[in-house]
Amino acid sequence: MRKLLLAPALLCAALAGCATTDPADTARSPEAIAAAQAAFQQIQWGFLQPYIGHLYVNDDGDQLRVAAEPDKRALAISLYSANRLVHANSVRLLVRTTATQDTYHVLIENSGMFSDDEATIRFDQSGRMQVLNGSLNDLQLTLTESAAHFSYAASIGPFSMTPKPLRRDVYTLPDGSTVPVSLDPGSPYQQLRAAGPFGIWEHSVGQTFVGRTILLKVDKDEAGNLVLEYSLLDGSRPGREIYRPPSKTDLKAFRALSLPNRSGDEFDSRRLELTADDRLIHHYTGTENIFTFNGDYLNVYTNRGTSIRMMGRSQDPDDDEYSTWNNIYLPVTRERLAAAMENREKDRIERERAREYAQRRAAERAAESQATMNAIMSGLASGFQQANQTNMRMAQQSQDFERNLNQKLRQIGQQKQQREREAAERADRIMAANAAAAQARAAPSPTFPASSAPQRTAAATPAANPQEARRLQEAQRKQEEQRKAEEARAAEQARQAKEKQREEETRRKAELARQEQERRTQALLNHLAAERRAIRLQAAQCPAKGGLPSVIGIRPRVQPKVANCITVHFEARCPADRPGTGMTGSIWAYNGMGNCTETGDLPRKLACDVREAVVEVTNVTTCQ
């Protein structure tokens, strides 16, 4: 099946934050660039001044960024809705100051609208945008220091974005303090990421993180390449992504050298970028055959110190749809590694359950088919008796299957303590390696005398006989096991409570979304009904129509204006004709000009004079 890949320019726009370079810009002198920046610094941005460079995000990958555009003497507010990276939408607002303080002119670039895409705005004390005049197609925007919110209910569906609550993006340092992520070149975050060619990723080199069932280690090889190494929890089946460092002088230096299960000549990078907020974006395809679709893959990795988020989409050559993922990796601890081992064991159980269930269903279908055949061959009475016996036997096998599976689950529960001990041992080794890597990057710290540790150990050793020591060790072991069991019960109770709260929150949000959708739908229906009552149409003889009559009309200003683009459906007939027997038609994108520049054409002549014709509005719909 032949598929069309997304053009690099469209992909760049969809990911919101990919800067495009005009060929004319590359020829500009450093003096011209410096002059534009100096002129931009003189602009008094009022309310928006402290937000320049801010970046807001959420866990779904949505973004809002406020960036300076010195060449245009403007601010660019980019709104981006990820939609699992499959149907991403983005809107870019170009904001300029006006003669009135804290009042701005806003233009929606490439909004997809026919009109109503610019307005004069201001922000109230809560940070909510208010439109003073003009229209922004129901664009909602709120900015505060710690959070932001936007929504865009465009009249053309593909441009619409549902509300996305966002928070200020921050990077967490090893000591727990945070640095706001900023696009401002002079900000502390940009100074922090200047440690090396890979930006903020340099601070995670040597660190190991754990996801739901996978370990991720960030490292660098001898050549200085960035290495992302994935492995199972026991360190087996490693896979590596290797990236050559970017260079300010050589734009082609930044390259992906290998991917898990793919060598360098088995994929074609369509886009590879390390953004100013340290998102590693890689869009690539396979290279198996130049004449067919070789798959389409997009990965977006974000490092925030104490977490690494990996979002992606993939479509293999034989797939009809994209598969997507949104995974979070956190620094290794005993609890997180133990939870990952439990997740892996649960996944194995589910795979075994599915395999055994498929085998059992196949056996049942074969037995039922054979029993039916026997019924036909040997007579209905005896045959259906045999079929009934077969069904009873299958039911017993089903009960045996469930009983055996429950027994396996109990055995797995009994093995949980052993897995917890293994997870604790491995977590201790990984945390020690993480600490060593962090110390290697940090400045040397003072060391304690070597003799102090043995002295503390000797003081802590009980001066008792071996039997007493073993008894104390056994008692301590039992206490430790009891403590872990209590912690596990408390954690399970907390998890269940959190899950219940999450379900209630999900139901609440779904209900609010449903109510909001109903409100919007009802508002649209009310508006269209009001338009139908208000619009007046008439037949006219317009030039250049081959002698055929046309329909023209006016459109009163109906408020509130919910639908910008409407289609008017009508019936034209003579006064002597019954309603419903006339000629029907429609006028798309109706504005009500009242003249022959906007008409609905009739397929044949009327039996009466056009001035006597009756034209009734039968329906009003949106242009979609």
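About the thresholds
- Residues numbered from 1 in each chain as written.
- Predicted model: local features only at pLDDT ≥ 70, side-chain atom pairs only at ≥ 80, totals over all residues.
- Heavy atoms only, no water.
- Helix = DSSP H or I, 4+ residues; strand = E, 2+ residues; numbered from the N terminus.
- Buried < 20%, exposed > 50% of the residue type's maximum accessible area, 1.4 Å probe, protein only.
- Areas by Shrake-Rupley, 256 points an atom, 1.4 Å probe, with all protein chains shown as cover.
- Pairing = 2+ DSSP bridges.
- Axes fitted to C-alpha atoms, helices over the stretch in contact; angles between N-to-C directions.
- Contact = heavy atoms within 4.5 Å.
- Salt bridge = Lys/Arg side-chain N within 4 Å of Asp/Glu carboxyl O.
- Phe/Tyr/Trp six-rings, centres within 6.5 Å; stacked < 30°, edge-to-face > 60°.
- Disulfide = S-S within 2.5 Å.
- Polar contact = N/O pair within 3.5 Å; in protein donor to acceptor, adjacent residues only side chain to side chain.
- Core = buried A, V, L, I, M, F, W, Y, C linked by side-chain atoms within 4.5 Å.

Asks: Which parts of the structure should I look at to understand the overall build of the protein chain?
Replies: The secondary structure content of the protein chain amounts to nine helices and 28 strands. Within the span of the protein chain, comprising 624 residues, buried residues form 37% of the whole. For the protein chain, the exposed area adds up to about 36600 Å²; of that, 52% sits on carbon and sulfur atoms.

Asks: Got a minute to help me understand the sheet that holds strand E25 (residues 566-573) in this structure?
Replies: Pairing between the strands of a sheet is mediated by backbone hydrogen bonds and can be parallel or antiparallel. An order of E26-E25-E28 is seen for the three strands of this open sheet, with the pairing classed as antiparallel. The open sheet terminates on both sides in strands that have one partner only, identified here as strand E26 (583-587) and strand E28 (614-622). Pairwise comparison of adjacent strand axes, ignoring direction, gives a mean angle of 25° for this sheet. As paired elements, E25 and E28 share eight bridges and run antiparallel to each other. Paired with Ile566 across the bridge in E28 is Thr622.

Asks: I would appreciate a short explanation of the side chain of His527 in the present structure.
Replies: Position of His527 among the secondary structure elements: in helix H9 (residues 466-534). His527 sits in the buried class, given a relative accessible area of 3%. Apart from the residues within four sequence positions on either side, His527 is in contact with Arg555, Val558, Pro560, Lys561, Val562 and Ala563.

Asks: Would you mind going over the sheet that holds strand E23 (residues 536-540) with me for this structure?
Replies: Read across the open sheet, the three strands follow the order E23-E24-E27; overall the sheet is antiparallel. Across the chains shown, the open sheet's two edge strands, defined by having one partner strand only, are E23 and strand E27 (600-601). In this sheet, E27 lies alongside strand E24 (residues 550-554) in antiparallel orientation, the contact comprising two bridges. Looking at the pairing, Ser550 lines up with Asp601 of E27.

Asks: How do you make sense of the pattern of salt bridges when you look at a structure like this?
Replies: When the charged atoms of two side chains lie near each other, side chains of opposite charge can form a pair. Here the structure, examined in full by the defined rule, presents 34 salt bridges. For Glu571, the salt bridge goes to Arg573, with nearest N and O atoms at 3.8 Å. Look at Glu571 and you get buried, because its relative accessible area is 6%. Here Arg611 makes a salt bridge to Asp609, at a shortest N to O gap of 3.1 Å.

Asks: I would appreciate a short explanation of the packing of aromatic side chains in the present structure.
Replies: Think of a pair of aromatic rings as described by two things: how far the centres are apart, and how the planes are tilted against each other in angle. Within this structure, the stated rule accounts for eight aromatic pairs. Aromatic side chains Phe47 and Tyr51 sit 5.3 Å apart centroid to centroid with 35° between the ring planes, which places their arrangement in the tilted category. Taking the centre distance of 4.8 Å and the plane angle of 15° together, the rings of Phe47 and Phe123 count as stacked. Taken as a pair, Phe47 in the loop between helix H3 (30-41) and strand E1 (55-57) and Phe123 in strand E6 (residues 118-123) lie far apart in primary sequence, 76 residues in all. Three or more aromatic residues joined by ring pairs make a cluster, and in this case those are Phe47, Tyr51, Tyr104 and Phe123.

Asks: Explain the pairing of strand E14 (residues 215-220) here, please?
Replies: The two faces of the sheet receive side chains in turn, since in a regular strand these alternate between them. For strand E13 (residues 208-210) and E14, the ladder comprises three bridges, and the chain directions are antiparallel. Opposite Val210, over in E14, you have Leu215 as the bridge partner. Counting the residues in the hairpin turn of E13 and E14 gives four residues. Pairing geometry for E14 and strand E15 (residues 226-231), over six bridges, is antiparallel. Its bridge partner lying in E15, Asp219 is registered against Val227.

Asks: Explanation requested: the state of the cysteines in the structure shown.
Replies: Cysteine pairs can be covalently joined through their sulfur atoms, and such a bond is termed a disulfide. Evaluated as defined, the whole model comprises three disulfides. Shown here is the disulfide that connects Cys565 with Cys623, its sulfur atoms set 1.8 Å apart. On the sign convention where negative is left-handed, the bridge of Cys565 and Cys623, at about -85° about the S-S bond, is left-handed. With a gap of 58 residues between them, Cys565 in the loop between E24 and E25 and Cys623 in the segment after E28 connect regions that are remote in the sequence. Overall, the relative accessible area of 17% leaves Cys565 in the buried class.

Asks: Just checking my understanding: could you explain the environment of Asn595 for this structure?
Replies: The topology assignment puts Asn595 in the loop between E26 and E27. A polar side-chain atom of Asn595 sits 2.3 Å from a polar atom in the side chain of Thr597.

Asks: In this structure, what is going on with the nonpolar core? I would like to understand it.
Replies: Looking at soluble globular proteins, one finds that nonpolar side chains tend to be buried together. Counting residues in each nonpolar core, the largest one holds 31 residues, and the members touching the most others are Leu64, Leu79, Leu93 and Leu141. In contact with Leu64, not counting residues within four places along its chain, are His54, Leu55, Tyr56, Ile77, Ser78, Leu79, Leu141, Leu143, Ala148, Phe150 and Leu166. If you look at the next biggest cluster of nonpolar residues, it comprises 29 residues, including Val179, Trp201, Leu272 and Leu274.

Asks: Any chance you could explain unusual backbone geometry here in plain terms?
Replies: The phi torsion of most residues other than glycine is negative, and most of the peptide bonds are trans. In this model, Gln559 is joined to Pro560 through a cis peptide bond whose omega is -5°. Take Pro560: it is sitting in the loop between E24 and E25. Despite not being glycine, Arg84 shows a phi value in the positive range, around 60°. Here Arg84 is to be found in the loop between strand E3 (74-81) and strand E4 (89-97). Here the phi dihedral of Arg237 falls at roughly 50°; this positive angle occurs in a residue that is not glycine. Mapped onto the elements of the fold, Arg237 is located in the loop between E15 and strand E16 (239-244).

Asks: For this particular structure, what's the right way to read the pairing of strand E8 (residues 139-143)?
Replies: Of all five residues in E8, four are buried; the element is thus mostly enclosed. In the sheet, E8 pairs with strand E9 (residues 147-152) via five bridges, with the strands oriented antiparallel. Across the sheet, the residue bridging to Leu141 is Phe150, located in E9. Joining the antiparallel neighbours E8 and E9 is a turn of three residues.

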